[in-house]
Amino acid sequence: MLRTTAGKLATAMRGSLGVTSTRVVAVRCLHGTEESAEEFDKRYEKYFAREGIDGWEVRKGMNDLLGMDLVPSPKIIESGLRACRRVNDIALAIRWLEGCKDKCGDQQATLYPYLLEKITPTLKELGVPTIEELGYDKPELALKSVFDM
């Protein structure tokens, strides 16, 4: 009898104190307005086109973009390549191309040639070779995939 009375008393106390251990409260917060694709592109183009940008900031912008669930547009890729040229880092430019190619995922056969077609004039202008021109698309010591055997 003492056990049931103590249980009922604890339940009553919990309700009066406002403890919500058994209930889940969902809170939705809307932080500003949603950004359109054009605004998103312009924001990153402006980020990479800043005058005093250094190598760390270029890497941060590229890392942020590659961490998102999207394939960067050709305008953003070109802007990133120009930023790599301004900081004189060809290795970063090639890594940026590799990351963009990787972001194409299972649509790589269609998306990556489209991206290359759009950014080829910029690559030629800046003197940046593609991954295929360097031979990085097929590693020399790579083993054949077990799924292809």
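None of the values given here were measured: they were computed from a predicted structure. (Residues numbered from 1 in each chain as written. Predicted model: local features only at pLDDT ≥ 70, side-chain atom pairs only at ≥ 80, totals over all residues. Heavy atoms only, no water.)

**Student:** An account of the nonpolar core is requested, with residue identities and associated values reported.
**Tutor:** Counting residues in each nonpolar core, the largest one holds 26 residues, and the members touching the most others are Phe48, Val58, Ile77, Leu81, Trp96 and Leu97. Counting residues per element, the ones that place at least two in this core are helix H2 (37–48), helix H3 (55–67), helix H4 (74–86), helix H5 (90–103) and helix H6 (108–126). At six residues, H6 tops the list of elements feeding residues into this core. With sequence-adjacent residues up to four places away left out, valine 58 is seen in contact with Phe48, Ile53, Ala83, Cys84, Val87 and Leu92. (Core = buried A, V, L, I, M, F, W, Y, C linked by side-chain atoms within 4.5 Å. Buried < 20%, exposed > 50% of the residue type's maximum accessible area, 1.4 Å probe, protein only. Helix = DSSP H or I, 4+ residues; strand = E, 2+ residues; numbered from the N terminus. Contact = heavy atoms within 4.5 Å.)

**Student:** With reference to specific residues and values, describe the packing of aromatic side chains.
**Tutor:** Enumeration according to the criterion identifies five aromatic pairs in this entry. On the basis of an interplanar angle of 55° and a centroid distance of 5.0 Å, the ring pair of phenylalanine 40 and tyrosine 44 is categorised as tilted. Within this pair, phenylalanine 40 and its partner tyrosine 44 are both found in helix H2, separated by four residues, close to a single helical turn. Each member of the pair, phenylalanine 40 together with tyrosine 44, is buried. Relative to phenylalanine 48, the ring of tyrosine 44 has its centre 6.5 Å away and its plane inclined at 45°; by these criteria the two rings are tilted. Of this pair, tyrosine 44 and phenylalanine 48 are both found in helix H2, four residues apart, which corresponds to roughly one turn of the helix. For the residue pair tyrosine 44 and phenylalanine 48, the accessibility class agrees, reading buried in each case. Among the aromatic side chains, those forming a connected cluster through ring pairs are Phe40, Tyr44, Tyr47, Phe48 and Trp96. (Phe/Tyr/Trp six-rings, centres within 6.5 Å; stacked < 30°, edge-to-face > 60°.)

**Student:** Hey, could you go over the confidence of the model for the protein chain for me, with residue numbers and the actual values?
**Tutor:** Across the protein chain, the average pLDDT comes to 85, with 83% of residues at or above 70. By mean pLDDT, the top-scoring element of the protein chain is H4 (96), and the lowest-scoring one is helix H1 (residues 2–17) (66). (pLDDT = per-residue confidence, 0-100.)

**Student:** Break down H2 for me, citing the residues and quoting the values.
**Tutor:** With 12 residues, H2 should cover 16 Å at 1.5 Å per step; its first-to-last C-alpha distance of 17 Å lies within 8% of that length. Considered for burial, the residues of H2 that qualify are Phe40, Asp41, Tyr44 and Phe48. Down the axis, H2 shows its buried residues gathered within 95° of arc, on one side only. Among the exposed residues of H2, those pointing more than 90 degrees away from its buried face are Glu38, Lys42 and Lys46. For H2, the secondary structure elements touched by its buried residues are H3 and H4. (Expected span 1.5 Å × (residues − 1). Arc of directions from axis to C-beta.)

**Student:** Explain the packing of H4 against H6 to me, using residue names and the numbers behind them.
**Tutor:** In a packed pair of helices, the relevant descriptors are the angle between the two axes and the axis-to-axis distance. At a minimum axis separation of 10 Å, H4 and H6 run at an interaxial angle of 25°. By the angle class used here, H4 and H6 are roughly parallel. Here H4 runs over H6; the crossing is right-handed. Counted together, Pro74, Ile77, Glu78, Leu81, Arg82 and Arg85 of H4 and Tyr114, Leu115, Lys118, Ile119, Thr122, Leu123, Glu125 and Leu126 of H6 form the full contact between these two elements. The residue makeup of the contact of H4 with H6, split by class, is eight nonpolar, one polar and five charged. (Axes fitted to C-alpha atoms, helices over the stretch in contact; angles between N-to-C directions. Parallel < 35°, antiparallel > 145°, perpendicular 65-115°, else oblique. Left-handed = near helix turned anticlockwise from the far one by under 90°. Nonpolar A, V, L, I, M, F, W, Y, C, P; charged D, E, K, R; others polar.)

**Student:** I'd like a description of the pattern of salt bridges, backed by residues and values.
**Tutor:** Across all of its chains, the model carries seven salt bridges by this definition. Here arginine 59 ties to aspartate 89 by a salt bridge, and the two come within 2.8 Å at their closest N and O atoms. Of this pair, arginine 59 sits in helix H3 while aspartate 89 sits in the loop between H4 and H5, and the two are 30 residues apart along the sequence. When its relative accessible area of 17% is taken as the criterion, aspartate 89 is described as buried. Across the pair glutamate 125 and arginine 82 runs a salt bridge, and its minimum N-O distance is 3.3 Å. Of this pair, glutamate 125 sits in helix H6 while arginine 82 sits in helix H4, placing them 43 residues apart in sequence. Classification of arginine 82 as partly exposed rests on a relative accessible area of 32%. (Salt bridge = Lys/Arg side-chain N within 4 Å of Asp/Glu carboxyl O.)

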